[in-house]
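Examination of the molecular architecture
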Amino acid sequence: MRAATLDDVTAEGAVVRLNGVDLFVRRLGDRDLPALVVIHGGPSWDHSYLLPALAELVDTAHVVLFDLRGCGRSHRTPPLGDLPESELRPHLLADDVAALVDALGTGPVDVLGFSYGGRIAMRLVQRHPEVVDRLILASTTAYTDFDSELAASADYQQRRRLCTEVGFDDPLLTGPAAPDGALSRAMADAEAPLQVWRLDRLDRWREVLDRVRFSSDYDRPYLSGSWPPGGPENAAEVLSDWGRPVLILHGQKEMSFPLETARRLHAVLPASTLAEIPDAAHMAHFDNPAEWLAAIRRFLRPRRSPLGPAAAPGAV
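Residues numbered from 1 in each chain as written. Predicted model: local features only at pLDDT ≥ 70, side-chain atom pairs only at ≥ 80, totals over all residues. Heavy atoms only, no water.

When helices and strands are counted, the chain shows 14 helices and 9 strands. A compact globule built from 316 residues would reach a C-alpha radius of gyration of about 20 Å, and the chain, at 18 Å, matches this within 12%. For the chain, the spread of C-alpha atoms along the principal axes amounts to about 55 × 50 × 35 Å. Split into buried and exposed, the 316 residues of the chain put 56% on the buried side. Sequence separation of at least 24 residues holds for 73% of the intrachain contacts in the chain that already meet a minimum separation of 6. Total accessible area on the chain is roughly 13300 Å²; 51% of this is exposed by carbon and sulfur atoms. Taking the 33 positively charged and 44 negatively charged side chains of the chain as two groups, their mean positions are separated by 3 Å. (Helix = DSSP H or I, 4+ residues; strand = E, 2+ residues; numbered from the N terminus. Rg over C-alpha atoms; globule rule 2.2 N^0.38 Å. Buried < 20%, exposed > 50% of the residue type's maximum accessible area, 1.4 Å probe, protein only. Contact = heavy atoms within 4.5 Å. Areas by Shrake-Rupley, 256 points an atom, 1.4 Å probe, with all protein chains shown as cover. Lys, Arg positive; Asp, Glu negative; His and termini not counted. Charge placed at Lys NZ, Arg CZ, Asp CG, Glu CD.)

Laid out in structure tokens, this is it:
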């Protein structure tokens, strides 16, 4: 695929050179609307699992999605590309987002970070606070000390028993001849009962997974334990010092990052809004898209000058 300028990019997507790497980017909707830049999770997924829900927001925002470096159709490590594995680092992922915002040329933008992408969004605020107007933290957390909460959750324990085991030493998943993204695909499939609340929709969720371009670039650092945390160590403090509006968007049945971590962050961020999505687990945009999108619209629709006074925070 040829390299393009950001102006060339459409809803079909194109590869753009930003911050010294090639990023696959999509632009959806009216470019005169305020931009919403979306950071997907994983990180070894691409953005496609978020696309159906976020495409519905074109009535509210100009939606910009992209694949992180090392993911999907963006710059890859060998054998699929020439990106050094040493450059798969959270601070560089955040710098890529800042470069994308700068290239949009509209000034500070709204940013949505989903799961691991939410951690990168917090690092973006730490490193480049001037490029973010408002922040949406979806199905993510600013904290790491929640293992005991998961262990005490009956829902988590019940759903964990429904998950299948993945052999990290299975050569079909991690060997030199394994398909690109085989391990991440297997993990996503195995943990589907934890990610989606409605078990009767698991087949539909697996259809979504079938369309995801999983990647293997992060396998070695993940399996070796050398993969650093996505967000800053003091993420809650970073967001508090930043002081801009934050929407904390969390499923009430979340079983990856307990709901209490979202309530905890809301309590320490005066400029935050907490939206608890009913009947939704980690993939809240899939479990309950109507409530998920409604919360985002309520947060984004009050318009004002960039970095001007914010609407009053609260719970929704």
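Back to the text.
Our next topic: the UniProt feature "domain: AB hydrolase-1" (unreviewed entry) in the chain. Mapped onto this numbering, the UniProt entry gives "domain: AB hydrolase-1" (unreviewed entry) at residues 34–289. Here residues 34–289 runs as 39% helix and 14% strand, with 21 Å between its end C-alpha atoms. (UniProt positions renumbered as here; feature names shortened; annotations may be inferred.)

The subject of this paragraph is the packing of helix H7 (residues 182–190) against helix H9 (residues 202–211). Relative to each other, H7 and H9 sit at 170°, their axes nearing to 10 Å. Of the possible angle classes, the one that applies to H7 and H9 is roughly antiparallel. Across the interface between the two elements, Arg185, Ala188 and Asp189 of H7 pack against Arg206, Leu209 and Asp210 of H9. Of the residues in the contact of H7 with H9, the class split is 2 nonpolar, no polar and 4 charged. (Axes fitted to C-alpha atoms, helices over the stretch in contact; angles between N-to-C directions. Parallel < 35°, antiparallel > 145°, perpendicular 65-115°, else oblique. Nonpolar A, V, L, I, M, F, W, Y, C, P; charged D, E, K, R; others polar.)

Before going further, it helps to spend a moment on the nonpolar core. Here is a general trend for soluble globular proteins: nonpolar side chains tend to be buried in one another's company. Counting residues in each nonpolar core, the largest one holds 53 residues, and the members touching the most others are Val25, Val37, Phe66, Leu135, Leu239 and Leu265. If one sorts the elements of this core by residue count, helix H2 (residues 90–104) sits on top with 8 residues. Contacts of phenylalanine 66, omitting those with residues within four sequence positions, involve Leu23, Phe24, Val25, Val37, Val38, Ile39, His40, His47, Val97 and Leu100. Counting 40 residues, the second largest nonpolar core, distinct from the first, contains Trp45, Val208, Leu249 and Trp292. (Core = buried A, V, L, I, M, F, W, Y, C linked by side-chain atoms within 4.5 Å.)

Secondary-structure assignment places arginine 134 in strand E7 (residues 132–138). Using a relative accessible area of 2% as the deciding quantity, one classes arginine 134 as buried. Polar side-chain contacts of arginine 134 include one of 3.1 Å to the backbone oxygen of phenylalanine 299. (Polar contact = N/O pair within 3.5 Å; in protein donor to acceptor, adjacent residues only side chain to side chain.)

With that settled, consider helix H11 (residues 235–242). Every buried residue of H11 is listed here: Ala235, Ala236, Val238, Leu239 and Trp242. Down the axis of H11, the buried set is contained in an arc of 160°. They therefore lie on one face. Buried-residue contacts for H11 involve helix H3 (116–127), E7, strand E8 (246–251) and helix H12 (259–268). Glycine 243, located one to two residues past H11, shows a positive phi value of around 80°. (Arc of directions from axis to C-beta.)

Next up on the list: the pattern of salt bridges. Following the criterion strictly, the structure yields 15 salt bridges and no others. The residue arginine 69 makes a salt bridge to aspartate 96 at a minimum N-O spacing of 2.7 Å. Taken as a pair, arginine 69 in the loop between strand E5 (62–66) and H2 and aspartate 96 in helix H2 lie far apart in primary sequence, 27 residues in all. For the pair arginine 69 and aspartate 96, a shared accessibility class is recorded, and that class is buried. Counted as one network, the salt bridges with shared partners bring together Asp59, Arg297 and Arg301. (Salt bridge = Lys/Arg side-chain N within 4 Å of Asp/Glu carboxyl O.)

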